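Remarks on the overall topology
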Amino acid sequence: MNFLPFPREFDQNEWYIIISAIILVLLLYKLPKRFPVSVTVLLLLFTMSTARVTDHLLAGPHKDFYDIMDTGKYELFDLFSYIPYAPFGYLFIYLYDRFQLKGLLLVLYIIFCSIGGVLFERMVSTSFIEFLQYKNWSPYYSLPVYLTVQPMTILFFKLEKSIHERSLLSSGSQH
Amino acid sequence: MITVSLFVSMTLILIIFFVLINKKNNSLVLIFVFMCIEFLVTSFISVIADNENLWKVSAEPWHFLMFRISEVIIIPLMLLLYLEIERRLTTSAKRFSLLIAATFILVGIERTLPILDLMEYVNWKLWASFLTWVLFLFITSMLRRMYSRILLKEGITQ
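A few points on the structure. Just so it is clear, the structure is predicted and the values come from calculations on it, not from any experiment.

**Some details on the packing of helix H2 (residues 27-51) of chain B against helix H3 (residues 61-88) of chain B**
Residues and elements named next belong to chain B. For the pair H2 and H3, interaxial distance at closest approach is 9 Å and the crossing angle is 135 degrees. The angle between H2 and H3 places the two elements in the oblique class. Judged by the sense of rotation from one axis to the other, the crossing of H2 with H3 is right-handed. Seen from H2, the contacting residues are Leu30, Val33, Phe34, Ile37, Glu38, Val41, Thr42 and Ile45; seen from H3, they are Phe67, Arg68, Glu71, Val72, Ile75, Pro76, Leu79, Leu80, Leu83 and Glu84. Among the residues forming the contact of H2 with H3, the class breakdown is 13 nonpolar, 1 polar and 4 charged.

**Re the nonpolar core**
Formed by 57 residues in total, the largest nonpolar core has its most connected members in Leu42 of chain A together with Phe32, Val33, Trp55 and Phe67 of chain B. Among the secondary structure elements, those contributing two or more residues to this core are helix H2 (37-58) and helix H6 (142-174) of chain A together with helix H1 (2-20), H2, strand E1 (55-57), H3, helix H4 (92-115) and helix H5 (126-153) of chain B. Counting 25 residues, the second largest nonpolar core, distinct from the first, contains Leu31, Val39 and Ile154 of chain A together with Phe39 of chain B.

**So, the interface of chain A and chain B**
Often, the extent of an interface is quoted as the loss of accessible area upon association of its parts. Listed per partner, the contact involves 35 residues of chain A and 33 residues of chain B. Interface of chain A and chain B: buried area, both sides summed, is about 2900 Å²; carbon and sulfur atoms make up 68% of it. Where chain A touches chain B, the interface holds 0 salt bridges. For the pair chain A and chain B, the interface holds 11 residue pairs in polar contact (both at pLDDT 80 or more). Per-element accounting of the side of chain A that touches chain B gives the leading share, 13 residues, to H2 of chain A. Taken together, the residues of the side of chain A that touches chain B sort by class into 21 nonpolar, 10 polar and 4 charged.

**Let's talk about the packing of aromatic side chains**
According to the stated counting rule, one finds 19 aromatic pairs over all chains in the structure shown. Relative to Tyr94 of chain A, the ring of Tyr90 of chain A has its centre 5.9 Å away and its plane inclined at 40 degrees; by these criteria the two rings are tilted. In this pair, Tyr90 of chain A and Tyr94 of chain A are both assigned in helix H4 (residues 85-98), 4 residues apart and thus about one turn of the helix distant. Across this residue pair, the class does not change: Tyr90 of chain A and Tyr94 of chain A are buried. For the cation-ring pair, Arg98 of chain A lies above Phe99 of chain A, with the distance from its terminal atom to the ring centre recorded as 5.1 Å. One Lys or Arg, Lys23 of chain B, reaches over the ring of Phe18 of chain B and ends 5.0 Å from the middle of that ring.

**A short note on unusual backbone geometry**
Despite not being glycine, Gln100 of chain A shows a phi value in the positive range, around 45 degrees. Position of Gln100 of chain A relative to the elements: it lies in the loop between H4 and helix H5 (103-124). Here Gln100 of chain A falls in the partly exposed class, since its relative accessible area comes to 47%. We note that Asp117 of chain B has phi near 60 degrees; this positive angle belongs to a residue other than glycine. As for its position among the elements, Asp117 of chain B is in the loop between H4 and strand E2 (119-121).

**Thoughts on the side chain of Asn26 of chain B**
Along the chain, Asn26 of chain B turns up in the loop between H1 and H2. Given the relative accessible area of 10%, Asn26 of chain B is considered buried.

How each quantity is defined
Residues numbered from 1 in each chain as written. Chains lettered and ligands numbered in written order. Predicted model: local features only at pLDDT ≥ 70, side-chain atom pairs only at ≥ 80, totals over all residues. Heavy atoms only, no water. Axes fitted to C-alpha atoms, helices over the stretch in contact; angles between N-to-C directions. Helix = DSSP H or I, 4+ residues; strand = E, 2+ residues; numbered from the N terminus. Parallel < 35°, antiparallel > 145°, perpendicular 65-115°, else oblique. Left-handed = near helix turned anticlockwise from the far one by under 90°. Contact = heavy atoms within 4.5 Å. Nonpolar A, V, L, I, M, F, W, Y, C, P; charged D, E, K, R; others polar. Core = buried A, V, L, I, M, F, W, Y, C linked by side-chain atoms within 4.5 Å. Buried < 20%, exposed > 50% of the residue type's maximum accessible area, 1.4 Å probe, protein only. Buried area = accessible area lost by both parts, 1.4 Å probe. Salt bridge = Lys/Arg side-chain N within 4 Å of Asp/Glu carboxyl O. Polar contact = N/O pair within 3.5 Å; in protein donor to acceptor, adjacent residues only side chain to side chain. Phe/Tyr/Trp six-rings, centres within 6.5 Å; stacked < 30°, edge-to-face > 60°. Lys NZ or Arg CZ within 6 Å of the ring centre and 35° of its normal.

The analysis is restricted to geometry; functional conclusions fall outside its scope.
What follows is the structure, given as structure tokens:
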């Protein structure tokens with residue numbers, strides 16, 4: 001039994017996961033703290049779990065639009081591949097909150113980040129990195145996915161922040 | 001189609017029930033546990049069905065959809081309900097009884113999936129089902145405790 005297969009070959013896509021995880025986690029560490037730990041944890045987890053569920057629904061055996069890493073199986077490095085998603089989501093919300101984006105600026109920010117996501121996906125599906133192997137999918141189909149997920153991420157952030165503030169207030173009033 | 005309709009209706013009733021009940025756990029804790037469970041359950045199914053072929057998920061579109069709904073909505077919500085009930089129990093004996101009952105309920109839900117033709121077992125034993133769901137219930141409890149400590153440090157009590 002090999003529950004989480006090791007990579008067939010430890011090549012560029014495994015190195016991409018390791019290097020991007022290190023860079024993004026360092027970036028996360030270096031940015032001035034803006035949110036409480038509880039809010040940060042949920043933000044990181046939201047991005048990772050959204051990516052995981054989406055891949056499970058779209059890249060599974062019956063709806064096999066694309067493969068991640070070397071094969072169509074759920075490998076060990078597939079599990080690690082969700083780590084780089086978390087800092088991307090955090091950075092997206094960090095900049096949104098830092099610059100208090102609203103109105104047209106926010107719309108342009110979402111569009112810009114979604115196009116950035118598509119271009120990044122295009123880059124990691126090249127024969128050099130081979131993180132994604134498309135079957136009945138194209139990176140351009142991902143644009144509406146990003147345009148849906150990114151506003152959802154902002155809404156999620158606003159929701160958890162308001163729950164956090166309410167919880168703090170009600171805990172404060174209890175003491 | 002009647003089966004699909006009933007299945008979706010029961011899922012919606014479960015969602016409405018969960019949303020409307022008075023929560024004992026902080027919403028942030030429930031959100032945290034829900035997202036972790038989503039990750040773990042989908043990973044578990046990928047390992048069991050896609051890697052090891054111990055379960056064979058139906059290729060029929062409606063059955064496939066129903067299986068995904070049970071994976072992504074029903075099982076996580078049942079685990080969150082377990083947390084809510086656990087918080088209402090005051091003694092270890094009652095919590096242990098709840099653990100046993102919840103294990104049987106989750107095994108029962110899993111065992112209805114082949115009956116509804118959503119999947120079939122290939123070399124999967126009953127003891128593996130019990131072990132799986134006990135582990136998931138244990139992990140759910142641990143996740144709740146872990147995140148509650150973070151909230152406690154920030155001055156949020158439940």
